[in-house]
Amino acid sequence: MYVYVPTLSPFLSGRGLSLQFIGIVLGSYGFVQMFVRFPLGILSDRWGKRKPFILLGMLTAAISCLLFLIPGLWIWPLAGRLMAGVCASTWVAFTVLYAGYFGAGQTGRAMGNISVMTVSGQMIGMLLSGWLTEGFNQNAPFSIGAIIAGIGLLLAFLLKEPRMGQRDQPGMSFAMIKNVVRTKTLLQVSLLSILAHGVLFITMFGFTPLKAQEMGAGGIGLTVLVFAFMLPHAFASLFTARWFTPRFGYWGTIGAGFVLSTLCTLAMVFAQSFGMLVATQAINGFAQGLHMPLLLGLAIRDVALPGRATAMGLYQALYAIGMFSGPFLAGWLNESWGLNSGFLFGSLLGAAAAFLVWAWARQERAVHVRTGEKHTGEVSG
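Model, not experiment: these values are computed from the prediction.

Colleague: I keep staring at the overall build of the protein chain and nothing clicks. Help me out?
Modeller: What the protein chain contains, in helices and strands, is 14 helices and 0 strands. Listing every helix and strand of the protein chain by position from the N terminus yields α-α-α-α-α-α-α-α-α-α-α-α-α-α. Since a compact globule built from 381 residues should have a radius of gyration of about 21 Å, the 20 Å found for the protein chain is in line with a globular shape. C-alpha extents for the protein chain along the principal axes are approximately 55 × 45 × 30 Å. Classification of the 381 residues of the protein chain by burial places 57% in the buried group. Intrachain contacts of the protein chain at a sequence separation of at least 6 include 83% that bridge at least 24 residues. Carbon together with sulfur atoms contributes 69% to the accessible area of the protein chain, which is approximately 15,800 Å² in total. The positive charge centre, built from 23 side chains, and the negative charge centre, built from 10, are 6 Å apart in the protein chain.

Colleague: Looking at this structure, how should I read the packing of helix 3 (residues 51-68) against helix 5 (residues 91-100)?
Modeller: For any two helices packed against each other, one specifies the inter-axial angle together with the distance between the axes. Contact pair helix 3 / helix 5: the axes reach a minimum separation of 8 Å and the direction vectors enclose 135°. Classified by the angle their axes make, helix 3 and helix 5 are oblique. You can see that helix 3 and helix 5 cross each other, and the crossing is left-handed. The residues of helix 5 that touch helix 3, namely those facing F53, I54 and M58, are A93, F94 and L97. Its residues assigned to classes, the contact of helix 3 with helix 5 shows 6 nonpolar, no polar and no charged.

Colleague: Looking at this structure, how should I read the nonpolar core?
Modeller: Generally speaking, soluble globular proteins have nonpolar side chains that are buried together. Counting residues in each nonpolar core, the largest one holds 100 residues, and the members touching the most others are L192, I254, F258 and Y315. A total of 14 residues in this core trace back to one element, the largest contributor, which is helix 10 (residues 184-214). Residues contacting L192, with those up to four places away along its chain left out, are W251, I254, F258, L295, A353, L356, V357 and W360.

Colleague: Honestly, the environment of G275 in this entry has me stumped. Any pointers?
Modeller: Note that G275 resides in helix 12 (residues 274-301). Taking the C-alpha atoms as reference points, G275 and W74, separated by 201 residues in sequence, lie 34 Å from one another.

Colleague: Can you walk me through the packing of aromatic side chains in this structure?
Modeller: The relation between two aromatic rings is expressed through the spacing of the ring centres and the mutual angle of the planes. According to the stated counting rule, one finds 23 aromatic pairs in the structure shown. Where F11 meets F142, the ring centres are 4.9 Å apart and the plane angle is 55°; that geometry is what we call tilted. With F11 in helix 1 (residues 5-14) and F142 in helix 7 (residues 140-156), this residue pair connects regions lying 131 residues apart in the sequence. Owing to a relative accessible area of 0%, F142 belongs among the buried residues under this scheme. Measuring from centroid to centroid gives 5.6 Å for Y29 and F201, while their planes differ by 25°, and the two rings are stacked. With a gap of 172 residues between them, Y29 in helix 2 (residues 19-47) and F201 in helix 10 connect regions that are remote in the sequence. Positioned above the aromatic ring of Y29 is the side chain of R81, whose terminal nitrogen or guanidinium carbon lies 4.0 Å from the ring centre.

Colleague: What am I meant to see in helix 4 (residues 75-89) here?
Modeller: Since the α-helix advances by 3.6 residues per turn, residues separated by three or four positions end up pointing in the same direction. For helix 4, which comprises 15 residues, the first-to-last C-alpha distance of 21 Å matches the rise-based estimate of 21 Å (1.5 Å per residue) to within 8%. Those residues of helix 4 that fall on the buried side of the exposure criterion are P77, L78, G80, R81, A84, G85, C87, A88 and S89. Among the structural elements, helix 1, helix 2, helix 3, helix 5 and helix 10 are those in contact with the buried residues of helix 4.

Colleague: What exactly am I supposed to notice about the environment of A149 here?
Modeller: Its place among the elements puts A149 in helix 7. By relative accessible area, which is 4% here, A149 ends up buried. Spatially, the C-alpha atoms of A149 and S64 are 9.7 Å apart, while their sequence positions differ by 85 residues. Every residue in contact with A149, bar those within four places of it in the chain, is listed here: M58, A61 and A62.

Colleague: Looking at this model, I keep getting lost on the side chain of S9. Mind explaining?
Modeller: Mapped onto the secondary structure, S9 falls in helix 1. A distance of 3.2 Å separates the side chain of S9 from the backbone oxygen of G206, its partner in a polar contact. Residues in contact with S9, not counting those within four places in the same chain, are I22, G206, P209 and L210.

Colleague: Could you clarify how one ought to interpret the side chain of R81 in this entry?
Modeller: Within the secondary structure, R81 sits in helix 4. Of the side chains with opposite charge, E335 comes closest to the buried, unpaired R81, at an N-O distance of 18 Å. In this view, R81 contacts Y4, V5, L8, V25, S28, Y29, F68 and F201; residues no more than four positions away in its chain are not counted.

Colleague: How should I be thinking about the confidence of the model for the protein chain in this particular structure?
Modeller: A low pLDDT means the predicted coordinates there should not be read in detail. Looking at the protein chain as a whole, the pLDDT averages 84, with 92% of positions reaching at least 70. The low-confidence segment residues 165-170, where pLDDT is below 50, has 7 contacts with residues more than four positions distant or belonging to other chains. Per-residue pLDDT stays below 50 along residues 375-381; that stretch engages in 24 contacts with residues further than four places along the chain or on separate chains.

Colleague: How do you make sense of a nonpolar patch on the surface when you look at a structure like this?
Modeller: Taken together, F235, L238, F239, W243 and F248 make up a surface patch of nonpolar side chains, about 480 Å² in accessible area. The residue L238 is located in helix 11 (residues 219-270) in this model.

Colleague: Help me out: how do you make sense of helix 5 in this one?
Modeller: Buried residues dominate helix 5, accounting for 9 of its 10 residues. Looking at helix 5, one finds that the buried residues are W91, V92, A93, T95, V96, L97, Y98, A99 and G100.

Colleague: Help me understand the state of the cysteines in this model?
Modeller: Here a disulfide denotes one covalent bond, and it connects the sulfur atoms of two cysteines. Overall, the coordinates contain 0 disulfides when judged by the stated rule. In this structure C87 is not part of a disulfide, and its nearest cysteine sulfur, from C65, lies 8.6 Å away.

What counts and what doesn't
Residues numbered from 1 in each chain as written. Predicted model: local features only at pLDDT ≥ 70, side-chain atom pairs only at ≥ 80, totals over all residues. Heavy atoms only, no water. Helix = DSSP H or I, 4+ residues; strand = E, 2+ residues; numbered from the N terminus. Rg over C-alpha atoms; globule rule 2.2 N^0.38 Å. Buried < 20%, exposed > 50% of the residue type's maximum accessible area, 1.4 Å probe, protein only. Contact = heavy atoms within 4.5 Å. Areas by Shrake-Rupley, 256 points an atom, 1.4 Å probe, with all protein chains shown as cover. Lys, Arg positive; Asp, Glu negative; His and termini not counted. Charge placed at Lys NZ, Arg CZ, Asp CG, Glu CD. Axes fitted to C-alpha atoms, helices over the stretch in contact; angles between N-to-C directions. Parallel < 35°, antiparallel > 145°, perpendicular 65-115°, else oblique. Left-handed = near helix turned anticlockwise from the far one by under 90°. Nonpolar A, V, L, I, M, F, W, Y, C, P; charged D, E, K, R; others polar. Core = buried A, V, L, I, M, F, W, Y, C linked by side-chain atoms within 4.5 Å. Phe/Tyr/Trp six-rings, centres within 6.5 Å; stacked < 30°, edge-to-face > 60°. Lys NZ or Arg CZ within 6 Å of the ring centre and 35° of its normal. Expected span 1.5 Å × (residues − 1). Polar contact = N/O pair within 3.5 Å; in protein donor to acceptor, adjacent residues only side chain to side chain. Salt bridge = Lys/Arg side-chain N within 4 Å of Asp/Glu carboxyl O. pLDDT = per-residue confidence, 0-100. Patch = residues over 30% accessible without salt bridge, like charges linked within 9 Å, V, L, I, M, F, W, Y side chains within 5 Å. Disulfide = S-S within 2.5 Å.

In structure tokens, the structure reads:
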């Protein structure tokens, strides 16, 4: 899925598409997920199965890449990105299946592990992107992406559902769904994740490569940019649950991530050189790694096992709003006022998230003071 992401906006620009339409294509990825992820999670819980949805994800990943290879009309890249949104929606099943291999109380560790593996896959794919474009042609990343997806589809047939997913259990009732939807922590982290993904899909997964290209970066330059973002991102994802959270609590760690992300996104507006742009992405990657795994783990922490795919589906459907609206609005701003206006908008989203974290942390501390409970702020579940 990510082997063509760094070159996508330059690829679309090279096909003569406007910045506004590029924003629509980029945003369509999240638009589909807004409507697909939650029903997919409910279906997965009702059937008690995750594997079929993972197979669907690998198949649609291949179709997505192939659609980009069709020349001519603008509809094909849009269809390709829409199909990528269907593929990404199956991430609900991936996360819940993986968490099912771990014991009770290990959700944070499981989400930290799978975040590292996800970031590793993203990094490998995105590092290949610039090299493939520079060494072959602009279609090469899409061709390789389709091949990788085909391999993934074959490997997915080897997956085994954990025993807990195999047992007989009643499907999710509407009352159970209602209880999941009302979970306070789930709603809080969903809102934060909307803002976080808005920033991410405006910057590294959106218009940052286009800014780098305007600064004269070629395929190798984009590879350097990706490496600068993804390596700190992977490092932070690996150590967030193990080191940062026990010391600073989940609100402290998440808040620090948003503050850093806000400052780095704002700094992109003033970046005058490719080196400075790379530096902003390195710090931004680290910041994203601080809050993304924690938000993911918190989404299902307070939800019983039979409802976790539903909770994850809701969480991921909601944060898809950020995937869609972030690049869509930034594309409109960029078309009217230039590329930096989108980054300024992204910094405002990050600042709003940081404020919410501060307000909720303060509220939670007040509750613990009134009830006389010990407040650790750690993600245990």
